[in-house]
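In case you want the letters, here they are:
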Amino acid sequence: MTEIKTPNTSDLRAQFDRIFQGERCRDYQKQVAHNNTRMYRALSWLERSEDRNLKKDSVERFVFLWLSFNAAYGNDLDWKRSANWERLSGIRRKKEIEKIKKFLRLVAENDSPRFHLAEVICIYKDAFEKIMEIRFLFRQFWQAAYEKRAWLAWLSRRKNSASDRFCEQQRSVQNALQNTLPPKEKIQSVLVPTFERIYILRNQIFHGASTYGGRFNRSSLEPANAILGACVPEILKIMLETMENRKDTPAWGHVEFPPFLKKPDDETDKNPPQRF
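Every value quoted in this text rests on a predicted model; they were computed, and no experiment measured them.

What counts and what doesn't
One numbering rule holds for all chains: residues counted from 1, following each sequence as written. The model is predicted, so local features are restricted to residues of pLDDT at least 70 and side-chain atom pairs to those at 80 or more, both for listing and for counting; the totals for chains, interfaces and linings are taken over all residues. Side-chain descriptors were evaluated using all non-hydrogen atoms of the structure, hydrogens and water having been removed beforehand. Residue-level confidence of the predictor, termed pLDDT, takes values from 0 up to 100. Pairs of residues are marked as contacts when any of their non-hydrogen atoms sit within 4.5 Å. Fitted lines through C-alpha atoms serve as axes, helices being fitted only where they are in contact, and the angles separating the N-to-C directions of these axes extend from 0 to 180 degrees. Numbering of helices and strands starts at the N terminus; helices are DSSP runs of H or I of at least 4 residues and strands are runs of E of at least 2. Here is the rule for handedness: rotate from the far helix to the near one, and if that takes an anticlockwise turn smaller than a right angle the crossing is left-handed, while a clockwise turn gives right-handed. Polarity classes work like this: nonpolar for Ala, Val, Leu, Ile, Met, Phe, Trp, Tyr, Cys and Pro, charged for Asp, Glu, Lys and Arg, and polar for all others, with Gly in that last group. We call a residue buried when its accessible area falls under 20% of the maximum for its residue type, exposed when it is over 50%, and partly exposed in between, using a 1.4 Å probe and counting protein chains only. Only buried residues count toward a nonpolar core, which is a set of Ala, Val, Leu, Ile, Met, Phe, Trp, Tyr and Cys residues joined through side-chain atoms within 4.5 Å. Whenever Lys or Arg places a side-chain nitrogen within 4 Å of a carboxyl oxygen from Asp or Glu, that contact is recorded as a salt bridge. In this scheme, a helix's expected span is set at 1.5 Å multiplied by one less than its residue total.

## Describing the confidence of the model for the protein
Then step 1. Residues of the protein with pLDDT of at least 70 account for 79%, and the chain-wide mean is 81.
Then step 2. Predicted confidence for residues 85-93 stays below pLDDT 50, and this span has 13 contacts to residues more than four positions away or in other chains.

So this is what it looks like as structure tokens:
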């Protein structure tokens, strides 16, 4: 597989320090405090994923890469239930996968004019295609597996069955990979369904629905790590660039579990969480 020069952690750290340290940051520190925390956390997990010893352990590398990605997209909308949010959204909680989709679309919108994510997609085309071929990473496959009628429909590949939707989504991504599309469209049409599949793998590993060192997840982990290892640094680079170039940065949201102003074991009323 062709290698792409993705941003390394030291380059991203230098950019982070340039943005969040010194006089420039003090002028609007409260406005960017959530971005500071978000990127500091994401870079810490990305740095851990690049440990040479982890290259031999695909499970651990996947965990740290996903944690870095999770730190980047996570926000506290599931905890904050303000009247304004409920009025705008019509719901109290957003599903995690919907949060990821919204985040990836926002990243794609802010990738201009470099569009390096589109380059990553082209270079790692084989890994993206491999992920889309694995039915065990398709949510509706498992829904069908637990319902006899749906399972029979899957086996028969009936129209509008889960298997039909699986093939349709797979063809859609393959077409996007092969055809010349505008960069933003290519990013969204490939990354969104791919990360939806990788999220299922994340659930299998994080919730103990797999065996450490087992053989069943091997074919999924290799392409997933290739995709995350190339995409996550690029995503963090895009986010840092928006933070560096614009004070009115996109709404990446408030971080979950914000750091407290004092020690974590202080009395709550004397130690409120940071409000950005």
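## So, the packing of helix α4 (residues 58-73) against helix α13 (residues 218-245)
Then step 1. Remark: α4 packs on α13, axes separated minimally by 9 Å, with the N-to-C direction vectors making an angle of 35°. Where α4 crosses over α13, the two elements pack in a sense that is left-handed. Across the interface between the two elements, Ser58, Val59, Arg61, Phe62, Leu65, Trp66, Ser68, Phe69 and Ala72 of α4 pack against Arg218, Leu221, Ala224, Asn225, Leu228, Gly229, Val232, Ile235, Leu236 and Met239 of α13.
Then step 2. When the residues that make up the contact of α4 with α13 are grouped by side-chain class, the tally is 13 nonpolar, four polar and two charged.

## Some remarks on the environment of Tyr199
Then step 1. Topologically, Tyr199 is positioned in helix α12 (residues 183-206).
Then step 2. When its relative accessible area of 15% is taken as the criterion, Tyr199 is described as buried.
Then step 3. When the C-alpha atoms of Tyr199 and Glu96 are compared, they prove to be 9.3 Å apart, with 103 residues separating the residues in sequence.
Then step 4. Here Tyr199 is in contact with Trp66, Glu96, Ile97 and Ile100, once residues within four sequence places are set aside.

## Re the nonpolar core
Then step 1. In this structure, Phe69, Phe103, Phe195 and Leu236 are the most contacted members of the largest nonpolar core, which totals 62 residues.
Then step 2. Broken down by element, this core gets its largest block of residues, 14 residues, from α13.
Then step 3. Phe141, Ala144, Phe166 and Cys167 belong to the second largest nonpolar core, which has seven residues in total.

## Concerning the pattern of salt bridges
Then step 1. All chains considered together, the criterion is met by seven salt bridges.
Then step 2. In this structure, the salt-bridge partner of Lys101 is Glu98, at a minimum N-O distance of 3.6 Å. Of this pair, Lys101 and Glu98 both sit in helix α6 (residues 96-109), three residues apart, roughly one helical turn.
Then step 3. Given the relative accessible area of 35%, Glu98 is considered partly exposed.
Then step 4. Taking the shortest distance from any N to any O, the salt bridge between Glu109 and Lys184 comes out at 3.8 Å.

## Quick word on α12
The α-helix advances 3.6 residues per turn, and as a result positions three or four apart in sequence lie on the same side.
Then step 1. With 24 residues, α12 ought to run about 34 Å at 1.5 Å a step, and its terminal C-alpha atoms sit 32 Å apart, in line with that.
Then step 2. Of all 24 residues making up α12, 17 are buried, and the element is well covered by its neighbours.
Then step 3. Immediately downstream of α12, the backbone of Gly208 shows phi near 70°, a positive value.

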